[in-house]
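# Summary of structural features
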2 protein chains.
Amino acid sequence: MQKNDLELLINYISKLPSVGKRSAKRIALHLLKNKENLMFPLAKAITDTAQNIKKCSECGNYDISEICNICSNEKRNHEQVCVVENVEDLWAIERGNIYNGVYHILGGALSAIDGISPDDLNLKTLLAKIQAGKVKEVILATNATIEGQTTAHFVSGKLRQYNVKISRLAFGIPLGGELDYLDEGTLLTALETRREL
Amino acid sequence: MQKNDLELLINYISKLPSVGKRSAKRIALHLLKNKENLMFPLAKAITDTAQNIKKCSECGNYDISEICNICSNEKRNHEQVCVVENVEDLWAIERGNIYNGVYHILGGALSAIDGISPDDLNLKTLLAKIQAGKVKEVILATNATIEGQTTAHFVSGKLRQYNVKISRLAFGIPLGGELDYLDEGTLLTALETRREL
């Protein structure tokens, strides 16, 4: 096995999420076979992104500007704030093109195992906005995991004292879902929150 | 969705083997969260590797020197050449620490579908070595796929005219393999090439 740049590169690649040692080697070889059209551009893209992308000081989203393109978009409803755990959750909602409000990224969910406590959640700018009376509704869109539920509970507790509507994404059977394949928790929730037709 | 460096980066990452669009996003976010200890070092490692790693002019292996550390190692047996399809195959054999000869990398296998013809295989330096009488045995270690078998057949035909021993890796039941889970082709080969005890 070579002890050189290549080994170092494979080592770094194998630290990426969902990439193991074997995939890392395959990726490194693939890069070496495509130096001009992939390897150099990729290195440049990584450096450019590392240098240019900032966290939006309002919501925590990533963008090239100090205020992200969602927070600075005047056509969006700034009175409606969707609270999510991470940037990928914001992207998931944006992908659907189903929401016209703005976002607030907590930067994680409360978790005893991962050692994320209330102090680690980014709530400051959200509370400031609410205290300034700029927000009418907060939509809690944390994940449907234990951590996400705990976080939603904690955040709603924090916001209860303000004059702001608090809502939570609905739980139930996903569209196209077959009852036979769903867990009992989902079925129970779907049954309990059933709606009259 | 943002249209900027980040999107470009995700696009490049998604072109890596076994990385899809969704993993690419996860990887990009992971990089942004670990700028100093992963993102910048990775970009540097990619650039360094692209600039410094060369193909060995003897065997086709990747290394920082013109002649790779295997071909330039005088302790290895240069009369025994193991012919493999790709660098990853060389690495697989080296990993086992089971072989003390040198290698020759064909750079692929004959394949009508992928359009790899005999002219695309790197055979020149191997033939030159054999013609110079430096090689006693050529071990064909191409994969046990249709393409690998065809390639082994083609290469052995090319070498038949020279005074050199030609061998092929043995086929059979992998160690720890259970007969019930093996395909018939492997079983047939194992039966036909059975050895007396």
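Definitions and limits used
- Residues numbered from 1 in each chain as written.
- Chains lettered and ligands numbered in written order.
- Predicted model: local features only at pLDDT ≥ 70, side-chain atom pairs only at ≥ 80, totals over all residues.
- Heavy atoms only, no water.
- Disulfide = S-S within 2.5 Å.
- Contact = heavy atoms within 4.5 Å.
- Buried area = accessible area lost by both parts, 1.4 Å probe.
- Salt bridge = Lys/Arg side-chain N within 4 Å of Asp/Glu carboxyl O.
- Polar contact = N/O pair within 3.5 Å; in protein donor to acceptor, adjacent residues only side chain to side chain.
- Helix = DSSP H or I, 4+ residues; strand = E, 2+ residues; numbered from the N terminus.
- pLDDT = per-residue confidence, 0-100.
- Least-squares fit on C-alpha atoms with pLDDT ≥ 70 in both.
- Pairing = 2+ DSSP bridges.
- Axes fitted to C-alpha atoms, helices over the stretch in contact; angles between N-to-C directions.
- Phe/Tyr/Trp six-rings, centres within 6.5 Å; stacked < 30°, edge-to-face > 60°.
- Buried < 20%, exposed > 50% of the residue type's maximum accessible area, 1.4 Å probe, protein only.
- Domains from an automatic or database assignment.
- Core = buried A, V, L, I, M, F, W, Y, C linked by side-chain atoms within 4.5 Å.
- Right-handed = clockwise from strand over helix to strand, strands pointing away.
- Patch = residues over 30% accessible without salt bridge, like charges linked within 9 Å, V, L, I, M, F, W, Y side chains within 5 Å.
- Areas by Shrake-Rupley, 256 points an atom, 1.4 Å probe, with all protein chains shown as cover.
- Arc of directions from axis to C-beta.

## Examining the state of the cysteines
- Per the counting criterion, the structure on display carries zero disulfides over all chains.
- Looking at the unpaired Cys59 of chain A, the closest cysteine sulfur is the one in Cys71 of chain A, lying at 3.6 Å.

## Overview of the interface of chain A and chain B
- On the side of chain B, 51 residues touch chain A, which itself brings 51 residues to the contact.
- Around 5,000 Å² of area is buried between chain A and chain B when both sides are counted, 69% of it from carbon and sulfur atoms.
- The interface formed by chain A and chain B holds zero salt bridges in total.
- For the pair chain A and chain B, the number of links is eight residue pairs in polar contact (both at pLDDT 80 or more).
- Going through the elements one at a time, helix 1 (5-13), helix 2 (21-33), helix 3 (35-52), strand 2 (62-63) and helix 4 (87-96) of chain A are the ones with two or more residues in the side of chain A that touches chain B.
- Here the side of chain A that touches chain B gets 16 residues from one element, more than from any other, and that element is helix 3 of chain A.

## Remarks on the confidence of the model for chain A
Residue and element names in this part refer to chain A.
- Residue-level pLDDT values for chain A average 90, and 98% of them are 70 or greater.
- Mean pLDDT across the secondary structure elements of chain A bottoms out at helix 7 (residues 184-192), with 81, and peaks at strand 4 (residues 101-105), with 95.
- Taken together, the chains of this predicted complex give a pTM of 0.75 and an interface ipTM of 0.75.

## Some details on the relation of the copies chain A and chain B
- Between the two copies, chain A and chain B, the superposition gives an RMSD of 0.1 Å; the rotation angle is 180 degrees and the shift along the axis is 0.0 Å. Taken together, these values place the two copies in the relation of a two-fold axis. Across chain A, the rotation axis passes nearest the C-alpha of Ala43 of chain A, at a separation of 2.3 Å.

## A closer look at the sheet that holds strand 5 (residues 137-140) of chain A
All names here are of chain A.
- Strands sit in the order 4-3-5-6 across an open sheet of four strands; the sheet is parallel. Two strands bound the open sheet, and with one partner strand each, they are strand 4 and strand 6 (165-168). Within this sheet the neighbouring strands show an average axis-to-axis angle of 25 degrees, counted without direction.
- Across the sheet, helix 6 (residues 146-159) touches strand 5 and strand 6, and the angle it forms with strand 6 is around 170 degrees.

## Let's talk about the packing of aromatic side chains
Residue and element names in this part refer to chain A.
- The full count for this structure, using the stated rule, is two aromatic pairs over all chains.
- Centre to centre, the rings of Tyr99 and Tyr103 are 5.2 Å apart; their planes meet at 65 degrees, and the pair counts as edge-to-face.
- Overall, the relative accessible area of 14% leaves Tyr99 in the buried class.
- Here Tyr103 falls in the buried class, since its relative accessible area comes to 1%.

## Some words on the environment of Asn11 of chain A
- Counting through the fold element by element, Asn11 of chain A comes out in helix 1.
- Measuring from C-alpha to C-alpha, the distance between Asn11 of chain A and Ala24 of chain A comes to 7.5 Å, with 13 residues separating the pair along the chain.

## Concerning the pattern of salt bridges
All names here are of chain B.
- All told, the structure shown has eight salt bridges over all chains when counted by the stated rule.
- Across the pair Asp48 and Lys44 runs a salt bridge, and its minimum N-O distance is 2.7 Å. Of this pair, Asp48 and Lys44 both sit in helix 3 (residues 35-52), separated by four residues, roughly a single helical turn.
- Of the residues examined, Lys44 reaches a relative accessible area of 52% and is grouped as exposed.
- Across the salt bridge formed by Glu94 and Arg76, the nearest N and O atoms sit 2.8 Å from each other. A residue pair is termed long-range when its members are at least 10 positions apart, and Glu94 in helix 4 (residues 87-96) and Arg76 in the loop between strand 2 (62-63) and strand 3 (77-84) qualify at 18 residues.

## Some points on the environment of Ile113 of chain A
All names here are of chain A.
- Mapped onto the elements, Ile113 comes out in the loop between strand 4 and helix 5 (124-131).
- Classification of Ile113 by relative accessible area gives exposed; the value is 78%.
- For the pair Ile113 and Glu147, spaced 34 residues apart in the sequence, the C-alpha separation amounts to 9.8 Å.

## Quick word on the environment of Gln51 of chain B
Residues and elements named next belong to chain B.
- Along the chain, the position of Gln51 falls in helix 3.
- Classification of Gln51 by relative accessible area gives exposed; the value is 52%.
- Separated by 13 residues in the primary sequence, Gln51 and Ile64 have C-alpha atoms spaced 9.4 Å apart.

## Focus: the domain arrangement of chain A
- Parsing chain A into structural domains produces domain 1 (5-44) and domain 2 (75-168).
- Distance between the C-alpha centres of domain 1 of chain A and domain 2 of chain A: 36 Å.

## Points about the nonpolar core
- Counting 110 residues, the largest nonpolar core has Ile13 and Leu42 of chain A together with Ile13 and Leu42 of chain B as the members making the most contacts within it.
- The residues touching Leu42 of chain A, leaving out its near neighbours within four places in the chain, are Leu31 of chain A together with Leu9, Tyr12, Ile13, Leu16 and Ile46 of chain B.

## Quick word on the pairing of strand 6 of chain A
Residues and elements named next belong to chain A.
- The pairing of strand 5 with strand 6 spans four bridges and is classified as parallel. Bridging from a neighbouring strand, Ile139 pairs with Ser167 of strand 6.
- The parallel pair strand 5 and strand 6, bridged by helix 6, forms a crossover whose chirality is right-handed.

## As for a nonpolar patch on the surface
- A contiguous nonpolar patch, built from Ile173, Leu179 and Leu187 of chain B and spanning about 240 Å² of accessible area, is present on the exposed surface.
- Among the structural elements, Leu187 of chain B can be located in helix 7 (residues 184-192).

## Here's the deal with helix 1 of chain A
- Three or more residues of helix 1 of chain A are buried, namely Asp5, Leu6, Leu9, Ile10, Tyr12 and Ile13 of chain A. The arc that holds every buried residue of helix 1 of chain A, seen down its axis, measures 160 degrees, which confines them to one face.
- Residues of helix 1 of chain A that are buried make contact with helix 2 and helix 3 of chain A together with helix 3, strand 2 and helix 4 of chain B.

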